[in-house]
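# Descriptive analysis of the structure
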Amino acid sequence: MDDAWRYPYTDFGEGRDLQSGSVLRAAVPVSVAAVPVIFSAIIDTGGPLTVVSIDVLATADPHPEPGPPVLLNLGGRTYRAATFRLSLQLHPIDARNGSATPRPWLSTVAVIDPWPHKGTALILGKTGFLESFTVTFGPSAFAVEDAEAFEIRFG
Amino acid sequence: MVRTLQLDEWVGEWVAVDRSGHVLAHAAQLRALIAEVEDRALFETEIMRAPDPSAPVSYGFG
């Protein structure tokens, strides 16, 4: 990635009754490689592993072979989740600003079924996303760069 | 720099939102919406689920 891709935080409309202001999420557009359907994906810096809905996995062609399952606790329920190595692509929020070429990466994902999340069909965690990119969170926006950007900046 | 979406009309549904924030397709099931996006070639949209604005805010968007 030549430049950082800058993204706004997204207000999906949660918590409109809150007096403390908008609920903002760090969301990026992601697709399964070679598939033009784009999903909004939340970046969860506290999430150890990238998790996806089985319907997202189903868009992959060919369907990847399953890896070893993992046990995950989400929303008070334990899931035995199959893992896969899935080729994903990160998209810029606005192709008019910089390169419009999606950035591919190979992600380890766990597939949660039934999908418990009420917001997006992908949650990007440490394994499967934050190991592949440098993500910088600012007060009013965030940016995604190549993984190497961190070492270049901080040594 | 905030992208504010108005999805109240589709609470609980999966929606395909274009870059201007307009909902171009919606469905109760994610699989059905993916099929519609493919059939109508709505490839400039982004798929997400519309939250309930009055529901408690969750960590992890769960």
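Structure's up top.
This one's a predicted model, so the numbers in the text were calculated from it and none came from an experiment. (Residues numbered from 1 in each chain as written. Chains lettered and ligands numbered in written order. Predicted model: local features only at pLDDT ≥ 70, side-chain atom pairs only at ≥ 80, totals over all residues.)

## As for the interface of chain A and chain B
Between chain A and chain B, the residue contacts involve 38 residues of the former and 28 residues of the latter. Those elements that place two or more of their residues in the side of chain A that touches chain B are strand 1 (5-11) and strand 3 (38-43) of chain A. When grouped by side-chain class, the residues that make up the side of chain A that touches chain B number 16 nonpolar, 13 polar and nine charged. One ladder, built from three bridges, connects strand 1 of chain A with strand 1 (residues 2-4) of chain B; its direction is parallel. Bridge pairing in strand 1 of chain B places A:Asp11 opposite B:Thr4. (Contact = placed C-beta atoms within 7 Å. Helix = DSSP H or I, 4+ residues; strand = E, 2+ residues; numbered from the N terminus. Nonpolar A, V, L, I, M, F, W, Y, C, P; charged D, E, K, R; others polar. Pairing = 2+ DSSP bridges.)

## Some words on helix 1 (residues 30-40) of chain B
Those residues of helix 1 of chain B that sit buried are B:Leu30, B:Leu33, B:Ile34 and B:Val37. All buried residues of helix 1 of chain B lie within an arc of 105° about the axis, which places them on one face of the element. Exposed residues pointing more than 90 degrees away from the buried face of helix 1 of chain B are listed as B:Asp39 and B:Arg40. Here the buried face of helix 1 of chain B lies against strand 4 (50-53) and helix 1 (54-57) of chain A together with strand 2 (14-17), strand 3 (23-27) and strand 4 (46-49) of chain B. Among the residues trailing helix 1 of chain B, B:Ala41 stands out with phi positive, at a value near 55°. (Buried ≥ 20, exposed ≤ 12 C-beta atoms within 10 Å, placed from the backbone. Arc of directions from axis to C-beta.)

## Some thoughts on the sheet that holds strand 10 (residues 141-146) of chain A
If you walk across this open sheet you meet the four strands as 9(A)-10(A)-1(A)-1(B), and the pairing is mixed. In this open sheet, the two edge strands, each paired with only one partner strand, are strand 9 (133-137) of chain A together with strand 1 of chain B. Within this sheet the neighbouring strands show an average axis-to-axis angle of 35°, counted without direction. As judged from the four bridges shared by strand 1 of chain A and strand 10 of chain A, these two strands associate in the antiparallel manner. By the bridge assignment, A:Arg6 is partnered in strand 10 of chain A with A:Ala143. (Axes fitted to C-alpha atoms, helices over the stretch in contact; angles between N-to-C directions.)

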